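So the chains spell out like this:
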Amino acid sequence: MNLEKYQKKFNDELFNNVIPFWINNAIDHEHGGIYNSLDRYGKIYSTDKSVWMQGRCAYMFSYLYNNLKKEQKYLEIAKSCLDFLEQHCIDSDKRMFFSVTAEGKPLRKRRYWFSESFYIIACAEYYKATKDQKYKKIAKEYYDFIWGINSGEIEDPYFVTPKVYANTRNIKSLACPMILLNVTHIMREIDVDSVEQYDNRACALLEEIENDFYKPSLHVMLETVGQKGEVIDDVASCRVVNPGHDIECAWFILDEAEYFKSDKLTLLAKIIFDDAIKNGWDEKYGGIKYFIDYKGFPVEAYEHDMKLWWPHNEATIAALKLYKTFGDKKYLKWFEKIVKYEFKHFSDSQYGEWFGYLRRDGKPTQPPCKGHMYKGPFHVLRMLAKCLQLLDNKTNKN
């Protein structure tokens, strides 16, 4: 199968359709950073800013600079987001906010440390581009900070009522080790003096994901389990499977498999993807469902059978990586099937970027949006950039 057509397709989509949408519409030239709530036409419909989206944007434009095209504009956008984060998005306890006003006044803070996670990878990737030691130092400090909070070595300074009282139901979420695994992978690339520490931590996270969250007998990866990996099958929220998360996790594991040269991890990633795409693919309408209940019961989340942009982006990366790893045409077929669906239904060739939410039948919600507090210049850009690298095999710097 000739993959050159996909290289051209992805290159055009990234540089002529997606990147211009954000550069032309989202940059806040007054306060710094970006606006993230954009409608189909690029009009800003809410000026509140997502903090983790500032980090994601800084990471992504630094990544584009480092790996695909050395446009100074990309670094300027990344620096604007990093400055905004440093100046406005860090609370007095060192924890970061979740959302702020346009000028950076705090609005909301969450118990999860995901704003911090994307600040870390943004600083790390920007350091790669500039070699400015300040950003390496910030990345290291915040990495150790959230590692300590997640592991219990550091008491979280942001005291907040727990999502679920541990004395009643002591549970944990897949998102935490999964995101930390990717953050650890990126930190290992810049902090060469501490490689052994990152290796040990990556191994611990991989063990937790495999032993506690992946249930081979059920052919699912659960979003929520007991602290020791217990299946809580009489509670609806603990039976939830998020196929997109599982698929994203699969290619994170593939990255570690390549690094450690581990056939075991490679096989684990393959099995997780196989189960997730089988569980999530909608045979009637096409596309990947957002949530399922592994027992087939109703799912509480209203959007459970909708099609969201990011699971399809993650599945595109994972399928192509698996094809490149195994040479199995099954994964090439999945890659082509997913690309056909997402470009037909999500990509907006008329006004740029991708729709965020589709109904189950593949039609965009009305009025359609291109960005909000959870969608910005990240998943689509990362997918297109990663796939261009995979399709090329050599660094395609301009």
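In this report, the structure presented in the accompanying data block is examined. Note that the structure is a prediction, hence the values are computed from the model and not measured.

**Description of the overall build of the protein chain**
Next, step 1: Helices and strands together make up the secondary structure of the protein chain, namely 12 helices and 13 strands.
Next, step 2: Computed over the C-alpha atoms, the radius of gyration of the protein chain is 20 Å, within 12% of the 21 Å expected from 2.2 N^0.38 for a compact globule of 398 residues.
Next, step 3: If you line up the protein chain on its principal axes, its C-alpha atoms span 55 × 50 × 45 Å.
Next, step 4: Taken across its 398 residues, the protein chain has 60% of its residues classed as buried.
Next, step 5: Considering only intrachain contacts with a sequence separation of at least 6, the fraction spanning at least 24 residues in the protein chain is 67%.
Next, step 6: About 17,200 Å² of surface is accessible on the protein chain, with carbon and sulfur atoms providing 48% of the total.
Next, step 7: In the protein chain, which carries 57 positive and 57 negative side-chain charges, the distance between the mean positions of the two groups comes to 4 Å.

**What about the environment of Ile34?**
Next, step 1: Residue position: Ile34 is located in the loop between α1 (4–25) and β1 (37–38).
Next, step 2: Measuring from C-alpha to C-alpha, the distance between Ile34 and Gly376 comes to 9.3 Å, with 342 residues separating the pair along the chain.
Next, step 3: When neighbours within four sequence positions are excluded, Ile34 is seen to be in contact with Ala26, Ile27, Asp28, Lys49, Met53, Gln54, Cys57, Cys81 and Pro377.

**A look at the layout of surface pockets**
Next, step 1: What the second largest pocket holds in volume is close to 410 Å³.
Next, step 2: Along the wall of the second largest pocket there are 18 residues; nearest its centre are Tyr63, His185, Glu189, Asp255 and Lys386.
Next, step 3: Elements supplying a minimum of two residues to the lining of the second largest pocket: α2 (51–67), α4 (114–130), α6 (175–190), α8 (243–260), α10 (309–326) and α12 (379–392).

**Brief notes about the sheet that holds strand β4 (residues 99–100)**
Next, step 1: Read across the open sheet, the 3 strands follow the order β3-β4-β5; overall the sheet is antiparallel. Only two strands of the sheet have a single partner each, and these edge strands are β3 (49–50) and β5 (106–108).
Next, step 2: Here 2 bridges tie β3 to β4, and the two strands are oriented antiparallel to one another. Counterpart to Ser50 in the pairing with β4 is Ser99.

**Looking at the packing of aromatic side chains**
Next, step 1: Within this structure, the stated rule accounts for 34 aromatic pairs.
Next, step 2: Each ring, one from Phe10 and one from Phe335, has its centre 6.1 Å from the other, and the planes form 50°; the classification is tilted. Of this pair, Phe10 sits in helix α1 while Phe335 is found in helix α11 (residues 329–345), placing the two residues 325 residues apart along the sequence.
Next, step 3: For the ring pair Tyr143 and Trp147, a centre distance of 6.3 Å and an interplane angle of 25° mean the geometry is stacked. A residue pair is termed a helical-turn pair when its members lie 3 or 4 positions apart in one helix, as Tyr143 and Trp147 do in helix α5 (residues 133–151) at 4 residues.
Next, step 4: By way of ring pairs, the aromatic residues Trp52, Tyr59, Tyr63, Phe98, Tyr112, Trp113, Phe114, Phe118, Tyr374 and Phe378 are connected into one cluster.

**Re the pattern of salt bridges**
Next, step 1: In this structure the tally under the stated criterion is 29 salt bridges.
Next, step 2: Between Glu189 and Lys128 there is a salt bridge, and its shortest N-O distance comes to 2.5 Å. Taken together, the residues span a long stretch of sequence, with Glu189 in helix α6 and Lys128 in helix α4 at a distance of 61 residues.
Next, step 3: Judged by relative accessible area, Lys128 falls into the partly exposed class, the value being 25%.
Next, step 4: Of the charged contacts in the structure, one is a salt bridge between Lys172 and Glu208, with a shortest N-O distance of 3.0 Å. Here Lys172 is found in strand β6 (residues 171–173), whereas its partner Glu208 is found in helix α7 (residues 195–213), with 36 residues between them in sequence.
Next, step 5: By sharing partners, the salt bridges in this structure join Arg40, Asp348 and Lys370 into a single network.

**A closer look at the side chain of Gln54**
Next, step 1: Position of Gln54 relative to the elements: it lies in helix α2.
Next, step 2: Looking at Gln54, its side chain comes within polar contact range of the main-chain oxygen of Ser50, at 3.3 Å.

**Side note on the packing of helix α9 (residues 263–280) against α11**
Next, step 1: At a closest axis distance of 13 Å, the pairing of α9 and α11 adopts a crossing angle of 45°. In terms of axis orientation, α9 runs oblique to α11. The element α9 and its partner α11 pack so that their crossing is left-handed. Within the contact between the two elements, α9 uses Lys270, Phe273, Asp274 and Ile277 and α11 uses Lys330, Tyr331, Trp334 and Ile338.
Next, step 2: A breakdown of the residues in the contact of α9 with α11 according to their chemical character gives 5 nonpolar, no polar and 3 charged.

**A short note on empty space enclosed by the protein**
Next, step 1: Within the structure shown, the criterion is met by 2 cavities of 30 Å³ or more.
Next, step 2: At 3 residues, α4 tops the list of elements feeding residues into the lining of the largest cavity.
Next, step 3: Residue composition of the lining of the largest cavity, by class: 5 nonpolar, 1 polar and 3 charged.
Next, step 4: Taken as a whole, the second largest cavity spans an internal volume of roughly 30 Å³.
Next, step 5: What lines the second largest cavity is simply Tyr214, His219, Val220, Met221, Val241, Asp246, Ile272, Asp275, Ala276 and Asn279.
Next, step 6: Those elements that provide at least two residues to the lining of the second largest cavity are β8 (220–221) and α9.
Next, step 7: Counted by class, the lining of the second largest cavity contains 6 nonpolar, 2 polar and 2 charged residues.

The rules we used
Residues numbered from 1 in each chain as written. Predicted model: local features only at pLDDT ≥ 70, side-chain atom pairs only at ≥ 80, totals over all residues. Heavy atoms only, no water. Helix = DSSP H or I, 4+ residues; strand = E, 2+ residues; numbered from the N terminus. Rg over C-alpha atoms; globule rule 2.2 N^0.38 Å. Buried < 20%, exposed > 50% of the residue type's maximum accessible area, 1.4 Å probe, protein only. Contact = heavy atoms within 4.5 Å. Areas by Shrake-Rupley, 256 points an atom, 1.4 Å probe, with all protein chains shown as cover. Lys, Arg positive; Asp, Glu negative; His and termini not counted. Charge placed at Lys NZ, Arg CZ, Asp CG, Glu CD. 1 Å grid on protein atoms, 1.4 Å probe; cavity = no way out; pocket = protein on both sides within 12 Å on 5 of 7 lines; lining within 4 Å. Points joined across faces, edges and corners; volume = space filled by probe spheres on them. Pairing = 2+ DSSP bridges. Phe/Tyr/Trp six-rings, centres within 6.5 Å; stacked < 30°, edge-to-face > 60°. Salt bridge = Lys/Arg side-chain N within 4 Å of Asp/Glu carboxyl O. Polar contact = N/O pair within 3.5 Å; in protein donor to acceptor, adjacent residues only side chain to side chain. Axes fitted to C-alpha atoms, helices over the stretch in contact; angles between N-to-C directions. Parallel < 35°, antiparallel > 145°, perpendicular 65-115°, else oblique. Left-handed = near helix turned anticlockwise from the far one by under 90°. Nonpolar A, V, L, I, M, F, W, Y, C, P; charged D, E, K, R; others polar.

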